[in-house]
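# What the coordinates show
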Amino acid sequence: MLNTDNKDWTPTNPDFDPNKPMQVGGQAVIEGVMMRAPGSVATAVRRANGKIIVQQLKYQSVTEKYKWLAKPILRGAVGLIDMMYLGIKTLNFSAEIAMLDEKEKESKTNGKEKKNDKPKAQSNFALAITLIFALALSVGIFFILPLYLTTKVFEIEQTAALFNIVAGIIRIAILLCYMIAISFMKDIKQLFRYHGAEHKSVFAYELKAVLEPETVKTYSRFHPRCGTSFLLIVAFVAIFSFSILDSILIYFLGSISLPIRLLTHLPFIPVVGGISYEIIKFSAKHSNSLWGKILIAPGLFFQKITTKEPDLLQIEVALIALKCALGKEDASKYALQLEQVEITNAA
């Protein structure tokens, strides 16, 4: 059901170009979805009382501010950090709304009158510390740990290709086990449903469909530009890139050790991220070609774990975030309204 006449496809966002569909992306947050369009980010969250709250921010990425950073490879490395910062910032907003609902629930349960206070936004300094911690944890688990395990368990340290294949398999296994384990958690299942709603909404947008929940629900929840697909591509690119790097080091040094691998692999991670970004961008543009299908296949399979079928209410939240980001809806009408909670203690 496509909007072929394009009558309703004129967003008021001045930075938006309908002929460039890759401008829109997003992520699932706690009970909601964040959507990003050029110059704007909107996060829509459904409260426990059923109301939808939207936070819209003017946002310009680092690569948009500094055009010299938008070069191939470099743009992927820089964009990865940029998106992690934005992701943590929007997750923080959704967590604040969730905490507000929890406080209201406690006040009603305890039978005490309590005035609602507007949730306090996390400072930029605190967000920066959170980002650094998240990066350090990710690097430690998905890069350092596989190198350590491969070195200690297998006697293949001086065989560059085999060593990195085994380390890559361990890396993918850690990621896969982690995703499967958390997928059984109730809150994560809900998050994965919103992830599915985000994908369906982006697909509907890219195909110029009518942006209504009933129509959007018919679209696929598997999208080639998903972040989980990106993680898998990073894992495969790391095998190839680090094999070449280790081969060069062994050629010049004669041998290689774990400390040398850490000193050379860790600074090379941004390059791996940049190459992976170019691959996922290529595969998304050529998803109907043979090479494109091969490149996106592992990520789409992985999304069977990280996305779940959303209901119409979850799709509604995703669409509101999308429309607010594009400027098709006024985010101010979804502003947070705090009311005095009046509870009479029966005692």
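Let me begin by describing the structure that accompanies this report. The structure displayed is predicted, hence computed values, not measured ones.

## Some details on the packing of aromatic side chains
The full count for this structure, using the stated rule, is 2 aromatic pairs. Where Phe-242 meets Phe-268, the ring centres are 6.1 Å apart and the plane angle is 55°; that geometry is what we call tilted. On the criterion of sequence distance, the pair formed by Phe-242 in helix α7 (residues 227-253) and Phe-268 in helix α8 (residues 258-285) is long-range, its members being 26 residues apart. Judged by its relative accessible area of 1%, Phe-242 falls in the buried class. Assessed through its relative accessible area of 26%, Phe-268 is described here as partly exposed. Relative to Phe-252, the ring of Tyr-251 has its centre 5.1 Å away and its plane inclined at 90°; by these criteria the two rings are edge-to-face. For the pair shown, Tyr-251 and Phe-252 are each scored as exposed. Here the guanidinium or amino end of Arg-261 rests over the ring plane of Phe-163, the centre of that ring lying 3.5 Å away.

## Things to note about the sheet that holds strand β1 (residues 25-29)
Reading across from one edge, β1-β2-β3-β4 is the order of the 4 strands in this open sheet, with antiparallel pairing throughout. Each edge of the sheet is formed by a strand with only one pairing partner; in this case those strands are β1 and β4 (52-59). The average undirected angle you get between the axes of adjacent strands in this sheet is 15°. Bridge count between strand β3 (residues 39-46) and β4: 8 bridges; the pairing is antiparallel. Within β4, the residue paired with Ala-42 across the bridge is Gln-56. Contacting β2 (32-37), β3 and β4, helix α10 (residues 312-326) runs over the sheet at an angle of about 155° to β3.

## Some words on the nonpolar core
Judged by nonpolar contacts, the single largest core of 30 residues is most densely connected at Met-35, Val-54 and Leu-322. When contributions to this core are tallied by element, the ones reaching two or more residues are β2, β3, β4, α5 (186-206) and α10. For this core, the leading source of residues is α10, giving 10 residues. Dropping the residues within four chain positions of it, Val-54 is found in contact with Ala-42, Thr-43, Ala-44, Phe-93, Ile-320, Cys-324, Ala-331 and Tyr-334. If you look at the next biggest cluster of nonpolar residues, it comprises 15 residues, including Val-234, Ile-269, Val-272 and Ile-280.

About the cut-offs
- Residues numbered from 1 in each chain as written.
- Predicted model: local features only at pLDDT ≥ 70, side-chain atom pairs only at ≥ 80, totals over all residues.
- Heavy atoms only, no water.
- Phe/Tyr/Trp six-rings, centres within 6.5 Å; stacked < 30°, edge-to-face > 60°.
- Helix = DSSP H or I, 4+ residues; strand = E, 2+ residues; numbered from the N terminus.
- Buried < 20%, exposed > 50% of the residue type's maximum accessible area, 1.4 Å probe, protein only.
- Lys NZ or Arg CZ within 6 Å of the ring centre and 35° of its normal.
- Pairing = 2+ DSSP bridges.
- Axes fitted to C-alpha atoms, helices over the stretch in contact; angles between N-to-C directions.
- Contact = heavy atoms within 4.5 Å.
- Core = buried A, V, L, I, M, F, W, Y, C linked by side-chain atoms within 4.5 Å.

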